[in-house]
Each structure stands twice: as C-alpha cells, then as structure tokens.
Amino acid sequence: MLNINIGTNLSKNIIGSFGLKFFGMLTSLLTLPAYLNYFQDKSILGSWFAILSILNWVLTFDLGVGNGMRNYVVKSLEKNDFTKAKRYISSSYFSIGVLSIIFLIIGVFCIININWNETLNISRIVLSNNTLTDAILITFFGIILQLNTKLISSILHAIHLSAISNLLLFLSNLFILIFLYSSNSENSNLITVSWIYVFSFNFPLILATIFVFKYKLVDCRPNIKYISISDIKVVLNLGIVFLLIQLSLLFIHSTNQLLISNYFSSKEVVDYQVYYRIFSILTVLFTLITVPLWSSVSKAFYNNNISWIFSIYKMLNILAVIASIVCFILAINLQYIVEIWLNDKDIIINDVSSMLFASYISLMIFILASTCIANAISKIKPQLFLFGFAALIKIPLTYYLLSTHKSWDVIVLVNIIILFPIFILQPIFLLKELKSTKLNFE
C-alpha cells in the first residue's frame, strides 16, 4: 500500500530537487568545456548537438502517454484504487512498447537513406557520412529505449517523488562528464560518445523502475493481464492533446540549433549553446518548483481546493518576476561569467544576443507558471491552439526576417515574437477556468 503525505512530500521534493539540481546544473555547465576539450573541431561538436536536438524530438512522440498516465494515476491513488492505477500503468507501458517498435522501423529506414553531411552542413572531410549515420543510429536506438524507460519519471512525479527524477538526470549528466574528462581528446570518437549517451540516459531509469515497482508500488507493477483498451483510450484522449502541445513546444525550441546549423554553420551552434546553457539555468530552477507542484495541484483540484490553487499561482508569478530580474542581471554580466566558466577570453559576448536571450527565457518562465497549473487540472486546450499557432508561423517568420538580417539572433527574436501572445492569453484562460470552477463548488 502507498501512504503519502502530500504537504510533507511536496516540501521535501522541492528542497531535494533544488539540492540535486544544483549539482545537476554544475555538471551541465562543466559538460560544455569538457565537450570542447574532447572534440577539437567545433564543427563536429556542433553536429553532435544538432543530432541530439533532432533525435530528442522522438521522446515527445509518446502520444502524451506519460503526462496522461500521470494525471490518472494521481486520481486513482488519491482514491486508493490500486487496481485502477495498475491498469493505467500496464496499458501505458504497452502503448509505448507498440509505439517504439513502429518508430524503430520507420526511423532506421529514414536514417540510412538521408545524406547527413548535407543535412547538418558539415564536410565529408571533417566527418564521413558513414560515421554520422552510425552515430545517429546508435543514439536513435538509445532514445527509443529511453522512450520506454522514461515512463518511470511520470510515475515518480505522480507519487510525489520528483526529487528522485532529478537524481536520475544528475546521474546521467555525471556519467557523461566523467567519460569526457577521463578520455584522451586525441582519440575523440563520435561513435563512442553515442554509446556513452545511450548508457548514461537509460541505466539510471532502469534502476529507478526496479526500485519503484519493488519497494513503492508493489501493487501496481505492470502486468499484461491488466492491459485495457478502454484505459488506453482514456489516457490517450488526454495524452494526445499533451502530445500536440509537446510537439509544438519542441518545434519552437529545438529547431533553433538546426536552423542555425543550416542557415549559418555547425560552429555557430556552439556559440548559441554558450548563451543557452547559462540562461536555461533559470528555467531549470523554475521547473524544479513547477514539476512537484503538478501532482499536488491535481490532488487539490480533485478535492475542490481552488483557493489553494489560486495562492500557488500567485506565488509562481512572484517567483517568475524575480527570475526575470535575475535573467537581465545575467545578461549584463555574461561576458565575465563566460570567461570564468570556459576559461576562454576569446569568446566575445554580444550584448544584443544576451538581452534577447534574457527576454526569451523570461517569457518562458512566466508561461511555465500558468501552464503548470493548467496541465495539473487537465485544462489544456487553450495551450493546444496557442502553441500550435506559434509553431505554425515560426519557420515563415524566421525565413522572412533572415532575408533582411543575417544573424542567428533573428531565430531567438522570432521565438520571443511567437511566444508573446501565449504569455498574455494563457493566464486569462486559466484564471477564467479557475474562477468558473470555484463558483460551481460554492
């Protein structure tokens, strides 16, 4: 049986997540200089970042099963209905397994028939197409495996153990960091890095799966006998909307590096990464708060505790204001930070790029505040239309602005333009929904 004190676990998870994420961010920051040391040629490193950016798209093609399952498992466990939770979990693993086989067949066919040198804009002299293809196949296999193993993260969030999920990510980054620093840069190998990536991001998830179903959810272990078509439909009805939102978000954010590689060069992807890794610390920290809150807000919504949800949303907006101020402080001091971080005074920070990134990340943080609450109460259709429209206009707008201004700053500017309507409209829809729900229960 599972007995969880929500308030106590929420505090522990937020505190634990911050502690683990501190070390996680430290390893992430150390990873870039380690990569720069490992890959002597920046264009190869840029290609590796682009490969990860492209293939990580697959992780969102899970039909939203993880997020859909998470909300329904919270609801089932809240009612102490372990049989129902087991059916949702078993049906979700089955769905992802079938999906993975389909992706594997289609993906391998596509990968071996694409000219990756042209796609990634890198010379065959620097990196042969065979090496690129092999590295992408290995990484793709690892990501397909991760599509299955990462379901445990949704379950950890559902049972208020999100700190463990952060521990898994920390361990993955730590494994990669240890490999990069312990390797001889003269023998740097894209194939080897691909295998290390596969191990690093799957092994911790496999261990977590064993731990959860052996010690925490013994009564909810996946079982083929508990696979239910009706439960698959229930999870997918909510999950597919989550999927479409995820795909839109993925397209908006993850195409940045591919666009830079295609319009400019692989080397400039590395420059983009310098800005991104510094500023994304703020979104990571903010997510540490929103992720544990998701399941707690779901519980409060099922118990009609709308006043508590209002207070949480107010708190998130105050934190978003603080985070935005920090963003612009970082932008002003970014040159000094990068010199200390990378120990390289040859990297010149562009003030315009810094300010654009500060604005971009600030918008994302405010959007995270409202979407966290909307996701938890399963009121996500406004996001579907808002993010979908933003994704739809990104490429045409990027193409138009790049025709007049040849700088990758344009790509960041486009993200700001297309996200701004969401920053304004999403809170309006959310507050209207919460007020309506509160009135219905009074």
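Note that the structure is predicted; figures quoted are calculated from it, not measured. Think of each chain on its own: its residues are numbered from 1, step by step along the sequence as written. In keeping with the model being predicted, local features are shown solely for residues with a pLDDT of at least 70 and side-chain atom pairs are shown and tallied solely at 80 or more, while totals for entire chains, interfaces and linings include all residues. Note that water and hydrogens are dropped before the side-chain values are worked out from all heavy atoms of the structure.

A.B. asks: Where do I start with the confidence of the model for the protein in this structure?
C.D. replies: Predicted coordinates in areas of low pLDDT are best not read in detail. Summary of the metric used: pLDDT quantifies the predictor's per-residue confidence within the range 0 to 100. Model confidence for the protein is summarised by a mean pLDDT of 82, while 90% of its residues fall at 70 or above. Here helix 1 (residues 6–38) stands out as the element of the protein with the lowest mean pLDDT, 67, in contrast to helix 12 (residues 306–332), whose mean of 92 is the highest. Residue contacts follow a heavy-atom distance rule, with two residues in contact if any of their heavy atoms lie within 4.5 Å. Between residues 1–6, whose pLDDT stays under 50, and residues either more than four places distant or in other chains, the model counts 13 contacts. Note on conventions: DSSP H or I runs of at least 4 residues are helices, E runs of at least 2 residues are strands, and numbering of each starts at the N terminus.

A.B. asks: Help me understand the environment of lysine 225, please; the structure alone is not making it clear to me.
C.D. replies: Looking at where lysine 225 falls in the secondary structure, it is placed in the loop between helix 9 (190–216) and helix 10 (229–263). On the accessibility criterion, lysine 225 (74% relative accessible area) is exposed. Sequence separation between lysine 225 and arginine 87 is 138 residues, and the spatial gap between their C-alpha atoms is 8.8 Å. For every residue, the accessible area obtained with a 1.4 Å probe (protein chains only) is divided by the maximum for its type, and the residue is called buried under 20%, exposed over 50%, and partly exposed between those limits.

A.B. asks: Please clarify how the nonpolar core should be interpreted in this entry.
C.D. replies: Across soluble globular proteins, nonpolar side chains show a tendency to be buried alongside one another. Residues Ile373 and Leu419 are the most contacted members of the largest nonpolar core, which totals 140 residues. If near-sequence neighbours (up to four positions away) are discounted, leucine 419 is found in contact with Ile252, His253, Tyr360, Leu363, Met364, Ile367 and Phe387. Nine residue types can take part in a nonpolar core, namely buried Ala, Val, Leu, Ile, Met, Phe, Trp, Tyr and Cys, and a core is a set of them joined through side-chain atoms within 4.5 Å.

A.B. asks: Explain the pattern of salt bridges here, please?
C.D. replies: Pairing is possible between side chains that carry opposite charge, provided their charged atoms lie close to one another. Throughout this description, the term salt bridge denotes a Lys or Arg side-chain nitrogen within 4 Å of a carboxyl oxygen of Asp or Glu. If you walk through the whole model with that rule in mind, you get one salt bridge. The salt bridge partner of glutamate 433 is lysine 379, with a shortest N-O separation of 4.0 Å. Of this pair, glutamate 433 sits in helix 16 (residues 409–441) while lysine 379 sits in the loop between helix 14 (351–376) and helix 15 (381–402), placing them 54 residues apart in sequence.

A.B. asks: What is the right way to look at empty space enclosed by the protein in this model?
C.D. replies: Here the idea is plain: a probe the size of a water molecule rolls over the atoms and shows the empty space left. Cavity means a closed set of points on a 1 Å grid over the protein atoms alone, one where a 1.4 Å probe fits but cannot get out, pocket means an open set with protein on both sides within 12 Å along at least 5 of 7 lines, and lining means a residue has an atom within 4 Å of a point. Grid points are joined across faces, edges and corners, and a volume is the space filled by probe spheres set on the points. The full count for this structure, using the stated rule, is two cavities of 30 Å³ or more. Estimates place the volume of the second largest cavity at around 30 Å³. Lining the second largest cavity we find Tyr35, Trp48, Ile176, Phe179, Leu180, Val193, Ile196 and Tyr197. Elements supplying a minimum of two residues to the lining of the second largest cavity: helix 8 (162–182) and helix 9. In this classification, Asp, Glu, Lys and Arg are treated as charged, Ala, Val, Leu, Ile, Met, Phe, Trp, Tyr, Cys and Pro as nonpolar, and every other residue, Gly included, as polar. In terms of residue class, the lining of the second largest cavity is built from eight nonpolar, no polar and no charged.

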